[in-house]
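Architecture at a glance
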Amino acid sequence: MAAPDAKAKTEAPAFRDFPTVPTILAGATENVRSYVANEKIQEAIGFPGKLADNWQETHDKAIGRFGELLEKYRSLKVYMDACVHCGSCTDKCHYFIGTNDPKNMPVARQELMRSVYRRYFTPAGKMFPSLVGARDLTKEVLDEWFTYYWQCSECRRCSVFCPYGIDTAEITMAGREILDYVGYGQKYSNEIIGKVHKIGNNLGLPGPALEDTLNGLEEDVKDDTGVDVRYPLDVQGAEVLLVTPSADFFAEPHIESLIGYGKVFHAAGISWTLSSKASEAGNFGMFIGNYDQLRKIAMRVREAALELGVKRIVVGECGHAWRVAYAFWNTLTGIGAGANDPFAVELQKQLDPNYKQPSHICEVTWDLIQQGRLKFDKSANDSRIITFHDSCNVARASRMGDYPGGQFDIPRNIIKAVANNYFEMAVDTTREKTFCCGGGGGLLTDELIDIRVKGALPRMEALKHVVDDHGVNFMATICAICKAQFTKVLPYYGFNMRLVGGVHQLVSTAIKLGNEQ
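What comes next is a walk through the structure. (Residues numbered from 1 in each chain as written. Predicted model: local features only at pLDDT ≥ 70, side-chain atom pairs only at ≥ 80, totals over all residues. Heavy atoms only, no water.)

Looking at the layout of surface pockets
Within this model, the largest pocket holds a volume of roughly 580 Å³. Along its surface, the largest pocket is lined by 27 residues, and Y188, L203, A247, L444 and A484 are the ones closest to its centre. Elements represented by at least two residues in the lining of the largest pocket include exactly α10 (187-198) and α22 (480-489). Of all the elements, α22 adds the most residues to the lining of the largest pocket, at 5 residues. (1 Å grid on protein atoms, 1.4 Å probe; cavity = no way out; pocket = protein on both sides within 12 Å on 5 of 7 lines; lining within 4 Å. Points joined across faces, edges and corners; volume = space filled by probe spheres on them. Helix = DSSP H or I, 4+ residues; strand = E, 2+ residues; numbered from the N terminus.)

Observations regarding unusual backbone geometry
Peptide bonds are mostly trans, and most non-glycine residues show a negative phi. A cis amide bond links E252 to the next residue, P253, at an omega of 5°. By the secondary structure assignment, P253 is in the loop between β1 (240-243) and α12 (254-268). Omega for the peptide link from Q357 to P358 comes to -5°, which places this bond in the cis form. Here P358 is to be found in the loop between α16 (342-350) and β4 (359-360). Positive phi values are uncommon outside glycine, yet E154 reaches one of about 55°. Non-glycine residue R431 carries a positive phi angle of around 50°.

Things to note about the pattern of salt bridges
All chains considered together, the criterion is met by 27 salt bridges. The residue D167 makes a salt bridge to R156 at a minimum N-O spacing of 3.0 Å. Of this pair, D167 sits in the loop between α8 (157-161) and α9 (168-181) while R156 sits in the loop between α7 (139-149) and α8, and the two are 11 residues apart along the sequence. With a shortest N-O distance of 3.1 Å, K454 and D450 are connected by a salt bridge. Of this pair, K454 and D450 both sit in helix α20 (residues 449-455), 4 residues apart, which is roughly one turn of that helix. Its relative accessible area of 15% is what places D450 among the buried residues. Because the salt bridges share partners, they merge into one network encompassing R65, E68 and E177. (Salt bridge = Lys/Arg side-chain N within 4 Å of Asp/Glu carboxyl O. Buried < 20%, exposed > 50% of the residue type's maximum accessible area, 1.4 Å probe, protein only.)

Some words on helix α23 (residues 503-510)
Counting buried positions over the 8 residues of α23 gives 7, a clear majority of the element. Taken together, the buried positions of α23 are V503, H504, Q505, L506, V507, S508 and A510.

Here's the deal with the pairing of strand β6 (residues 474-477)
On any regular strand, side chains alternate: one points to one face of the sheet, the next to the other face. Here β6 shows no split at all, with F474 and A476 on one side and M475 and T477 on the other all buried. Here strand β5 (residues 386-388) pairs with β6 via 3 bridges, running parallel. Residue T387 lies in a different strand from β6, and its bridge partner there is M475. Examined bridge by bridge, β6 and strand β7 (residues 500-502) share 3 bridges and lie parallel to one another. Bridged to M475 within β7 is V500. With respect to chirality, the unit in which β6 leads through α22 into the neighbouring parallel β7 is right-handed. (Pairing = 2+ DSSP bridges. Right-handed = clockwise from strand over helix to strand, strands pointing away.)

A short note on the sheet that holds β1
Strand order in the open sheet made by the 4 strands is β2-β1-β3-β4, with parallel pairing throughout. This sheet does not close on itself; its edge strands, each paired only once, are β2 (272-273) and β4. Across 4 bridges, β1 lies against strand β3 (residues 312-315) in parallel orientation. Looking at β3, one finds that V243 is bridged to V315. Running over the sheet, helix α13 (residues 291-308) touches β1, β2 and β3 and is turned about 155° from β1. (Contact = heavy atoms within 4.5 Å. Axes fitted to C-alpha atoms, helices over the stretch in contact; angles between N-to-C directions.)

So yeah, pure geometry; function would need other evidence.
Okay, structure coming up:
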């Protein structure tokens, strides 16, 4: 397999007049590949350092792990058997739309694994492989898995349109899990997981550096507002533990939302703290499909909550982090009534049952707005003409509030409460049909910039319409990866990189503090 061409110039595809089905360009992105994790990175998180020298050993190990996953996850076996190749998903993937590579059609990406499944786990495939599209697992097939399973952001848009509800993201996760299991991991994701285990966050930001950053924020907010807004760290007995993506501590525009969180807590009189132990909401264990890594990272939150004695756990603006918290924390860590080990029971007794555990920061802010505890000057945002990008994992894998669709309404309600100028993007590109930013699922790494830029095409097209029609100059979102991705790819499409920002960035601008209230 050829190495990625670092010198190749990345260019954004042209905007389409109409959202037509792409012309097929076989092999268009076969050389766009993630860097493979080295032995040190792999072994640091418990995976083999590299592929075995003997291919048969690698082959047997991969097929054995595949069989274990089929036994463990009944849904995976259903997805392997259920597809009827109807074509409903073919043009629903942003990567296929942007790259024209047929293996980025969801059905084709599934078929990379399904063909191996047929060969080893079905009677027909074992006896008549060529008649049923079954193929042996070879090194070339494994290379193909690595290439194309790291060209999927696990956004699940294709699943919305599949009549059988086949979840391509789960198939991608299984493929990545098998790759890691045989020593063929991705450098970007596995290196980040190692940093979380060692230090506590994706960026490897140690406690003293985090404390200095927060002290600096307090000074900046004081200079800007004249109000002493605190950004506390490791405070025993605080009511709220805020777990937020580590990008919020220094990256632009992420840090503006962190400033907004602090202002919300300050204005409402809620004591809160961050934790140096759990200074990361993100959980890349989900991206690689590994339950043990997913749980080990999530356990840091439980440990921090118990040590600090908090009553509530709130998650900041991070799409996949909210999916993990909403869908998995109960059984991973016992936050909520999910586990019965002694520490989970202790935590359940400690947390306040009058609040959702965990809560999203948008739920907290919207509840406070409804109670009249926050006041805003909406005109402070009048320079902004706003639209909203629904992040995939929030839109299609979680919920907010007390009713289906709350995850769509609550962020929009907040925006409309703090700003006067708001316009929606096209209905077939938002809410449950939202297009991915193009950088999620472990793809936010420089060697994949080509696929990231091309995968952003559908969202950029929808954005262009509201920019042209309404003068939109601010696209709000509640995901750290979306913010980082759009900051990088917006200029490729002729937009200003500062066009993207957080919902709580808007809150921060409009909220009244101190004597203003």
